[in-house]
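The chain contents come next:
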Amino acid sequence: MPGIDECLLEVMRLPGARGASVVDWTSGLALGTVGDSPNGDHEATAAEAAELARLAAEHRAFSPADGSDWTEGTSDKAPPVEDVMVTNRDGYHLLRFVRTSFDSSVFLHLWLDRDEGNLAFARLRLADIADRLVLG
């Protein structure tokens with residue numbers, strides 16, 4: 001099972017990938033980065049993406065219809081949100097939450113070129129990569 005660096009390199013092989021990172025959304029720290037950053041600063045991008053991830057993961061408006069949240073159910077705690085997509089004129093940002101055996105406070109952030117990338121394909125591949133990511 002691949003670690004952070006291997007997963008990020010695999011993410012960068014996606015068509016149109018411009019940059020990627022693994023981020024802890026509770027602290028806003030980048031645990032690993034590769035490629036470019038939209039604002040030229042991977043740490044600032046990680047902190048800004050973490051704010052968005054926290055908003056999506058912590059508010060009931062985005063929870064499953066059954067009302068369950070990430071503290072209920074199995075020992076594998078996972079946020080109620082699987083991923084967050086933001087689109088702009090020239091690109092896509094895809095945040096994919098990573099399920100872990102501890103607090104699941106990590107996500108993969110992919111910055112994808114709009115002309116060269118395929119958002120649907122990238123979402124499916126990112127889900128697969130996140131499922132295989134080993135932290136620790």
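Please read these numbers as outputs of a predicted model, since none were measured by experiment.

A. Here's a closer look at the overall build of the protein chain. Tallying secondary structure elements over the protein chain gives 3 helices and 5 strands in all. Moving toward the C terminus, one meets the helices and strands of the protein chain in the order α-β-β-α-β-β-β-α. Per-residue burial for the protein chain yields a buried fraction of 46% across its 136 residues. Total accessible area on the protein chain stands at roughly 7,200 Å², and carbon and sulfur atoms take up 50% of it.

B. Broad picture of the pattern of salt bridges. Going through the model one piece at a time under the given rule, you end up with 9 salt bridges. In this structure, R18 engages D113 in a salt bridge whose closest nitrogen and oxygen atoms are separated by 4.0 Å. With R18 in strand β1 (residues 17-24) and D113 in strand β5 (residues 106-113), the pair connects residues that are 95 residues apart, well separated along the chain. When its relative accessible area of 14% is taken as the criterion, D113 is described as buried. Note that E82 and R96 form a salt bridge whose closest N and O atoms lie 3.9 Å from each other.

C. Seen up close, the packing of helix α1 (residues 4-12) against helix α3 (residues 119-132). Between α1 and α3, whose axes approach to 10 Å, the crossing angle comes to 170°. On the basis of the axis angle, α1 is roughly antiparallel to α3. When α1 is examined against α3, the residues C7, E10 and V11 are found in contact with a partner set consisting of R125, L126, I129 and R132. Grouping the constituent residues of the contact of α1 with α3 by class yields 4 nonpolar, no polar and 3 charged.

D. Quick look at the nonpolar core. In terms of nonpolar packing, the biggest core is built from 22 residues, with L8, V11, L108 and L110 touching the most fellow members. Where this core is concerned, the elements lending two or more residues are α1, β1, β4 (91-98), β5 and α3. When residues of this core are assigned to their parent elements, the largest contribution, 5 residues, is made by α3. Setting aside its immediate chain neighbours within four residues, L8 contacts A20, S21, V22, G32, T33, V34 and L108.

Rules used throughout
- Residues numbered from 1 in each chain as written.
- Predicted model: local features only at pLDDT ≥ 70, side-chain atom pairs only at ≥ 80, totals over all residues.
- Heavy atoms only, no water.
- Helix = DSSP H or I, 4+ residues; strand = E, 2+ residues; numbered from the N terminus.
- Buried < 20%, exposed > 50% of the residue type's maximum accessible area, 1.4 Å probe, protein only.
- Areas by Shrake-Rupley, 256 points an atom, 1.4 Å probe, with all protein chains shown as cover.
- Salt bridge = Lys/Arg side-chain N within 4 Å of Asp/Glu carboxyl O.
- Axes fitted to C-alpha atoms, helices over the stretch in contact; angles between N-to-C directions.
- Parallel < 35°, antiparallel > 145°, perpendicular 65-115°, else oblique.
- Contact = heavy atoms within 4.5 Å.
- Nonpolar A, V, L, I, M, F, W, Y, C, P; charged D, E, K, R; others polar.
- Core = buried A, V, L, I, M, F, W, Y, C linked by side-chain atoms within 4.5 Å.

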